[in-house]
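# Topology and contacts: notes
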Amino acid sequence: MHLCWSKGDVGGGWGISARSLSDFARMRKTVTLKAMSSRFVTVDRETPMLFPPDLKDWVKKDSLAHYIIDAVDTINIHSFSINQRGSGDAQYSPQMMLCLLIYCYATGRFSSRMIEEATYNDVAARYICGGDHHPDHDTICTFRRKNGAAIKEAFVKVLMLAKETGIIKKVGGISIDGTKIKANASKHSAASYKRAGQTIRRLEREIEELMKKAEQADSTPLEDGLTIPEELSRREERKKKLKEARRIIEERYKQEKRDRKAEYEKQTAHREEMKKAGKKVGRKPERPQDEEAVPDKMQVNFTDEESRIMKCGGGNYYEQCYNAQAAVDTEGSMLILGSYITNHANDKKELNPAIASVDAEIREIESVCADTGYYSEYAASTAENNGKGPRIYCAVERTKHHYGIEDIEKKDEKELDEENYTTKEIMKRRLKSKEGRKKYKKRKETVEPVFGIIKEVMGFRSFHLRGLEKVN
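Residues numbered from 1 in each chain as written. Predicted model: local features only at pLDDT ≥ 70, side-chain atom pairs only at ≥ 80, totals over all residues. Heavy atoms only, no water.

This brings us to the overall build of the chain. Each helix and strand in the chain was counted, giving 15 helices and 10 strands. Here the chain holds 472 residues, and the buried ones make up 36% of them. Partitioning the intrachain contacts of the chain with sequence separation of at least 6 by distance along the chain shows that 69% fall at a separation of at least 24. (Helix = DSSP H or I, 4+ residues; strand = E, 2+ residues; numbered from the N terminus. Buried < 20%, exposed > 50% of the residue type's maximum accessible area, 1.4 Å probe, protein only. Contact = heavy atoms within 4.5 Å.)

What follows is the structure in structure tokens.
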């Protein structure tokens, strides 16, 4: 260490030269650590490693990364989009990219930029990538977008592996539920049909006024920095977007009318079939009203047209969302056996699609539990398909959570003669039975905790991509 006389400071004095400050800091750090060696572990970040360590030594034996690598190694990569010609730069293997995606999703990192960062900062992610490979966010996003179908197939194969190893039973029940997940769009970017029409008329009046002002030679100058052509162009562009929004809403309303009519016809035909078979049927389905006018409140979002405004938080507020559906194993594993995304605001039409989302190779479905939001006579009866389908345990009304004395008393339960009851009455009686209560209890113990883990533990509360296909 060198001492020097400092003339620049008032009064002068002895001090440490600037070039030796780092040496002094290192010496002071070493002295401090030696003085406190009995209480602290020495942390040496200065001495370089002579040989690179094996990353496997830094990843715990029970790390999720090992399981993911082993599972993905069993998957055939031929369905993935890869450069078969081998031209250009070397490409990352689909196995490595898929392992990286699954590991980062499972540890709460969903954006491609966060996944790229993990390849530098997360030891397990570095181990998956072989230590020195760091796919950039664009490569990660492209892989995810191009290989959606292959990634889905990979998850099915992982579930089949779980079935072969006994984690999933071949025959059993599922519980289904939905949760609202925010779209990558603000609800303030949405325009209603009525508001869009009002704004278009206002813009037309403003455009007309600006045109008159432009024709007047002695017109009063506008504010500094503003010109009539720019103002006209801005309003014309806004008007064009709003007209397109109204067109989309009109097309969507026409499609909804066609869907409602087709649904009504299916329900009516099914009801007639049940009557012919001698079964008791419930209330006749309501014929959809043939309204020509588009509802004023019907909306479209400029950022993500396929997302919808939906009630959230028990109906306390609204958000721009998608409706995520999951079918979860009730036999102990709590694995998601089927899932998909819809933009339907409620679950009324989702019972049969949710059952169909479970691949037949994964589970032979014996029973299905669902809350009251899924119930309709048509959905429940078609799902059971005269005993050929799974047995449905679906609430038909909101029930109290508290069990009274009459609920816990032992009762002689007679087998229900379902021929003499409507589907709704059957569901009510079925859920009040001992077997029904036991089955339905599984719904709250399986699918609801899964959503809690996804949202609270993993932190997945909003999508990063836009459009129904990409979101799925």
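That shown, we press on.
What follows deals with the environment of Val 171. Within the fold, Val 171 resides in strand S3 (residues 171-182). Exposure remark for Val 171: the relative accessible area of 38% places this residue in the partly exposed category. Sequence separation between Val 171 and Arg 363 is 192 residues, and the spatial gap between their C-alpha atoms is 5.8 Å. With sequence-adjacent residues up to four places away left out, Val 171 is seen in contact with Arg 363, Glu 364 and Glu 366.

In this section: the confidence of the model for the chain. Confidence along the chain averages 83 in pLDDT terms, with 83% of residues attaining 70 or more. By mean pLDDT, the top-scoring element of the chain is helix H10 (residues 351-356) (96), and the lowest-scoring one is strand S1 (residues 3-5) (48). Every residue in residues 5-11 is under pLDDT 50, and counting partners more than four places away or in other chains gives 5 contacts. (pLDDT = per-residue confidence, 0-100.)

Turning next to the nonpolar core. Grouped burial of nonpolar side chains is what soluble globular proteins tend to show. By size, the foremost hydrophobic cluster in this structure holds 31 residues, and its most contacted members are Leu 98, Leu 100, Tyr 103 and Ile 128. Taken together, the elements giving at least two residues each to this core come down to helix H2 (64-72), helix H3 (94-106), helix H4 (112-121), helix H5 (123-128), helix H6 (137-146) and helix H7 (148-164). It is H3 that provides the largest number of residues to this core, a total of 9 residues. Counting 25 residues, the second largest nonpolar core, distinct from the first, contains Ile 355, Ala 370, Tyr 374 and Ala 379. (Core = buried A, V, L, I, M, F, W, Y, C linked by side-chain atoms within 4.5 Å.)

Another aspect to go through is a positive patch on the surface. A surface patch of positive charge is lined by Lys 169, Lys 434, Lys 438 and Lys 442. Note that Lys 438 resides in helix H14 (residues 434-457). (Patch = residues over 30% accessible without salt bridge, like charges linked within 9 Å, V, L, I, M, F, W, Y side chains within 5 Å. Areas by Shrake-Rupley, 256 points an atom, 1.4 Å probe, with all protein chains shown as cover. Salt bridge = Lys/Arg side-chain N within 4 Å of Asp/Glu carboxyl O. Lys, Arg positive; Asp, Glu negative; His and termini not counted. Charge placed at Lys NZ, Arg CZ, Asp CG, Glu CD.)

Here we come to the pattern of salt bridges. What the rule picks out here adds up to 19 salt bridges. Note that Asp 177 and Arg 443 form a salt bridge whose closest N and O atoms lie 3.5 Å from each other. One end of the pair, Asp 177, is in strand S3; the other, Arg 443, is in helix H14, and 266 residues separate them in sequence. Residue classification places Arg 443 among the buried positions, given a relative accessible area of 6%. In this structure, Glu 244 engages Arg 247 in a salt bridge whose closest nitrogen and oxygen atoms are separated by 2.7 Å.

Across the 13 residues that make up strand S7 (residues 317-329), a large majority, 11, are buried. Summarising the sheet, S3 and S7 pair through 9 bridges and their orientation is antiparallel. By the bridge assignment, Ile 174 is partnered in S7 with Asp 329. Pairing geometry for strand S6 (residues 308-312) and S7, over 5 bridges, is antiparallel. (Pairing = 2+ DSSP bridges.)

Let us look at the side chain of Lys 455. In this fold, Lys 455 is placed in helix H14. With no salt bridge to any partner, buried Lys 455 finds its closest opposite charge in Glu 456, at an N-O distance of 8.0 Å. Those residues in contact with Lys 455, other than ones at most four positions away along the chain, are Thr 179, Lys 180, Ile 181, Phe 460 and Arg 461.

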